[in-house]
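Read off the chains here:
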Amino acid sequence: MTAVLRRPLVAGNWKLHKNENEARALIAALRARLNDIGGVDVVVAPVFTALSTVREALTGSSIRLGAQDVYWQAQGAFTGEVSAPLLKDVGCSHVIVGHSERRQLFSETNEDVRRKAAAVLAAGMTPIVCVGESLSQRENGETKAHVLRQVGDAVSGLGPDQMARLVLAYEPIWAIGTGRNAEPADAQQVHADIRGLLKERFGAPLAGATRILYGGSVKPDNARALMAQTEVDGALVGGASLDSDSFAAIVDAARHAGTP
Ligand code: PGA
């Protein structure tokens, strides 16, 4: 088997946490700990209202700025929404799309996720498209069918140039915020299934180059085992990204993933 080199990506999803002062303090602490992030792409995704503050706090750093959601229309009468061109304008390079909290709490559909990912790509940013099964789906043996449906719908209509810029995140819903992570071997299996679908749709080289992150209770003590899996190309981190020590430890685990 030929080893494929996919640069790991670790993204911190701050969710609805951190006001401007707290965000500034977290970035300062992270920068102090992450002076060497060579070999890993690191993204932080604060709330919309802290984006420009965090952008300023990141000046001169290789940590990238991400948003947690987006609307697919560029502008117009869409009260309360934020568009991809505006996120690009404020300095974002990445946008999380289709997080399970958006799907569950705000009724986002696979079609919404597809449109959002397409809008992010059209604006020249990288969508991090989240997929994952519920506990009952896992228990009923529906994980593969459900996750592949979500992935297939999200990437439908994309050309190879767009697909080459898209990142996927497998986040089993039962693992998010519960302290119960997927077993590394189970994550590996789902990631391999996703890559199999991408191979059918886009061919082996593109499928082999696509980064698939794992998310769901990633912590410093499990990050290395998860990212040591050959199909796991990084992490989408919620709770542990709110603390500079634990997020830095996860980034460090990504740097050393694959090293015995
Ligand atoms: P968690 O969240 O790390 O707190 O489980 C992950 C996510 O929701 O992206």
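Above this text you will find the structure in question.
So, how was this worked out
Residues numbered from 1 in each chain as written. Predicted model: local features only at pLDDT ≥ 70, side-chain atom pairs only at ≥ 80, totals over all residues. Heavy atoms only, no water. Helix = DSSP H or I, 4+ residues; strand = E, 2+ residues; numbered from the N terminus. Rg over C-alpha atoms; globule rule 2.2 N^0.38 Å. Buried < 20%, exposed > 50% of the residue type's maximum accessible area, 1.4 Å probe, protein only. Contact = heavy atoms within 4.5 Å. Areas by Shrake-Rupley, 256 points an atom, 1.4 Å probe, with all protein chains shown as cover. Lys, Arg positive; Asp, Glu negative; His and termini not counted. Charge placed at Lys NZ, Arg CZ, Asp CG, Glu CD. Pairing = 2+ DSSP bridges. Axes fitted to C-alpha atoms, helices over the stretch in contact; angles between N-to-C directions. Core = buried A, V, L, I, M, F, W, Y, C linked by side-chain atoms within 4.5 Å. Near = heavy atom within 4 Å. Polar contact = N/O pair within 3.5 Å; in protein donor to acceptor, adjacent residues only side chain to side chain. Nonpolar A, V, L, I, M, F, W, Y, C, P; charged D, E, K, R; others polar. Parallel < 35°, antiparallel > 145°, perpendicular 65-115°, else oblique. Left-handed = near helix turned anticlockwise from the far one by under 90°. Salt bridge = Lys/Arg side-chain N within 4 Å of Asp/Glu carboxyl O. Expected span 1.5 Å × (residues − 1). Phe/Tyr/Trp six-rings, centres within 6.5 Å; stacked < 30°, edge-to-face > 60°. Lys NZ or Arg CZ within 6 Å of the ring centre and 35° of its normal.

Tallying secondary structure elements over the protein gives twelve helices and eight strands in all. Since a compact globule built from 260 residues should have a radius of gyration of about 18 Å, the 17 Å found for the protein is in line with a globular shape. Dimensions along the principal axes, computed over C-alpha positions, put the protein at roughly 50 × 45 × 35 Å. When burial is assessed residue by residue, the protein has 53% of its 260 residues classed as buried. Partitioning the intrachain contacts of the protein with sequence separation of at least 6 by distance along the chain shows that 71% fall at a separation of at least 24. Roughly 11600 Å² of accessible area belongs to the protein as shown, and the carbon and sulfur atoms make up 50% of that amount. Each charge class in the protein can be summarised by its mean position, and for the 27 positive and 28 negative side chains these summaries are 4 Å apart.

The next subject is the sheet that holds strand β1 (residues 9-13). An order of β1-β2-β3-β4-β5-β6-β7-β8 is seen for the eight strands of this closed barrel, with the pairing classed as parallel. Direction aside, neighbouring strands of the sheet carry axes that sit 25° apart on average. Across four bridges, the pairing between strand β4 (residues 94-97) and strand β5 (residues 126-131) is parallel. When the bridges of β5 are listed, I96 appears paired with I128.

Time to look at the nonpolar core. Where a protein is soluble and globular, its nonpolar side chains tend to be buried together. Counting 73 residues, the largest nonpolar core has V44, V54, L166, I194 and Y214 as its most contacted members. Not counting residues within four places of it along the chain, the set of residues in contact with V54 comprises W14, A23, I27, V44, P46 and L65. V43, I128, A169 and L213 belong to the second largest nonpolar core, which has eleven residues in total.

Attention now moves to the site of the ligand. Near the ligand you find 13 residues, and of these K15, H99, E171, G177 and S217 are the closest. At 2.7 Å from an oxygen atom of the ligand is found a main-chain nitrogen or oxygen belonging to S217. G239 is positioned such that a nitrogen or oxygen atom in its backbone is 2.8 Å from an oxygen atom of the ligand. Against a free-state accessible area of 280 Å², the protein chains account for coverage of 97% of the ligand. Considered class by class, the residues forming the shell around the ligand number four nonpolar, seven polar and two charged.

The next thing to look at is the packing of helix α1 (residues 20-33) against helix α12 (residues 244-256). The N-to-C vectors of α1 and α12 enclose an angle of 40°; their axes lie 9 Å apart at closest approach. By the angle class used here, α1 and α12 are oblique. Both α1 and α12 take part in a crossing whose hand is right-handed. In this structure, α1 contributes L26, A29, L30 and R33 to the contact, and α12 contributes S244, D245, F247 and A248. Tallied by class, residues from the contact of α1 with α12 come to five nonpolar, one polar and two charged.

Once that is clear, we can look at the pattern of salt bridges. With the rule as written, the count across this model stands at 17 salt bridges. Among the ionic pairs, K144 bridges to D193, the shortest N-O distance being 4.0 Å. Placement of the pair is K144 in helix α7 (residues 143-155) and D193 in helix α9 (residues 184-202), with a sequence separation of 49 residues. Under the relative-accessibility criterion, K144 is labelled partly exposed at 47%.

Look at α9: 26 Å from first C-alpha to last across 19 residues, which is about the 27 Å you get at 1.5 Å a residue. Three or more residues of α9 are buried, namely P184, A187, Q188, V190, H191, D193, I194, R195, L197, L198 and F202. Just downstream of α9, G203 is the residue with a positive phi angle, here 90°.

Tracing the sequence through the fold places L16 in the loop between β1 and α1. Residue classification places L16 among the exposed residues on the basis of a relative accessible area of 77%.

The final tally for this structure, using the stated rule, is three aromatic pairs. Members of the aromatic cluster, connected to one another through ring pairs, are Y71, W72 and F78. Here R102 stacks its cationic end above the ring of F106, 4.1 Å away from the centre of that ring.

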